[in-house]
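Analysis of the macromolecular model
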Amino acid sequence: MLMVIIGVQFGGDEIVKSKQGAGSATTCMAYAGFRFVKALMSAQSGQSVTEEAYVHLPGIPGGRELAAELGVDYFAVKVQIDKNGATKVLPIGDLSGNEKKLFEAALCELKTNIATGVSFMSV
């Protein structure tokens, strides 16, 4: 199974902030990792699974179109996974007006982060 998992950025920080200093994000991050590995194991055993993953869009069927629409090659999106790996990128779906504003702001920051990460790979 060929799949590249890129990672989660600042997820733990956001959870700690939401807990207002009353704990850490360790359990939440561990559960997210467990859930994803469980999905991969189910896919490897022959089940078709839908899971969110931060992926290289052009490497997955349907991803090239989404990459062109968003202007990024890497994005967290729902993908279908089976024993052959990620087989299909699923659409993002409808967003409310406020969600669209937040999405655009996040996408702008993501573009900067991707460019920074890619520049490290070139070194």
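This text gives an overview of the structure that appears in the document. (Residues numbered from 1 in each chain as written. Predicted model: local features only at pLDDT ≥ 70, side-chain atom pairs only at ≥ 80, totals over all residues. Heavy atoms only, no water.)

Concerning the nonpolar core
The test is simple: For our purposes a nonpolar core is just a set of buried Ala, Val, Leu, Ile, Met, Phe, Trp, Tyr and Cys residues, chained together by side-chain atoms within 4.5 Å. A simple rule labels every residue: compare its accessible area, found with a 1.4 Å probe on the protein chains alone, to the largest value its type can have, and call it buried under 20%, exposed over 50%, or partly exposed in between. The helix and strand labels rest on DSSP assignments: H or I over at least four residues marks a helix, E over at least two residues marks a strand, and numbering proceeds from the N terminus. Here, two residues are considered to be in contact whenever any of their heavy atoms come within 4.5 Å of each other.
If you look at the biggest cluster of nonpolar residues, it comprises 25 residues, and the most contacted ones within it are Leu-57, Phe-75, Val-77 and Val-79. Those elements giving two or more residues to this core turn out to be helix 2 (26-44), strand 1 (49-56), helix 3 (63-70), strand 2 (74-82), strand 3 (85-89) and helix 4 (97-121). A per-element tally of this core places strand 2 first, with 5 residues. Ignoring sequence-local partners within four residues, the contact set of Phe-75 consists of Ala-53, Tyr-54, Val-55, Leu-57, Leu-70, Ile-92, Phe-103, Leu-107 and Leu-110.

Notes on the pairing of strand 2
One face of the sheet, then the other: side chains in a regular strand alternate in exactly this way. Inclusion rule: The pairing criterion for strands is at least two bridges between them, as found by DSSP.
Two strands pair when backbone bridges link them, and strand 1 and strand 2 are joined in this way by 8 bridges, in the antiparallel orientation. Bridge pairing in strand 2 links Glu-52 to Lys-78. Here strand 2 runs beside strand 3; their pairing, made up of 4 bridges, is antiparallel. By the bridge assignment, Ile-81 is partnered in strand 3 with Ala-86. Adjacent in sequence and paired antiparallel, strand 2 and strand 3 are bridged by 2 residues.

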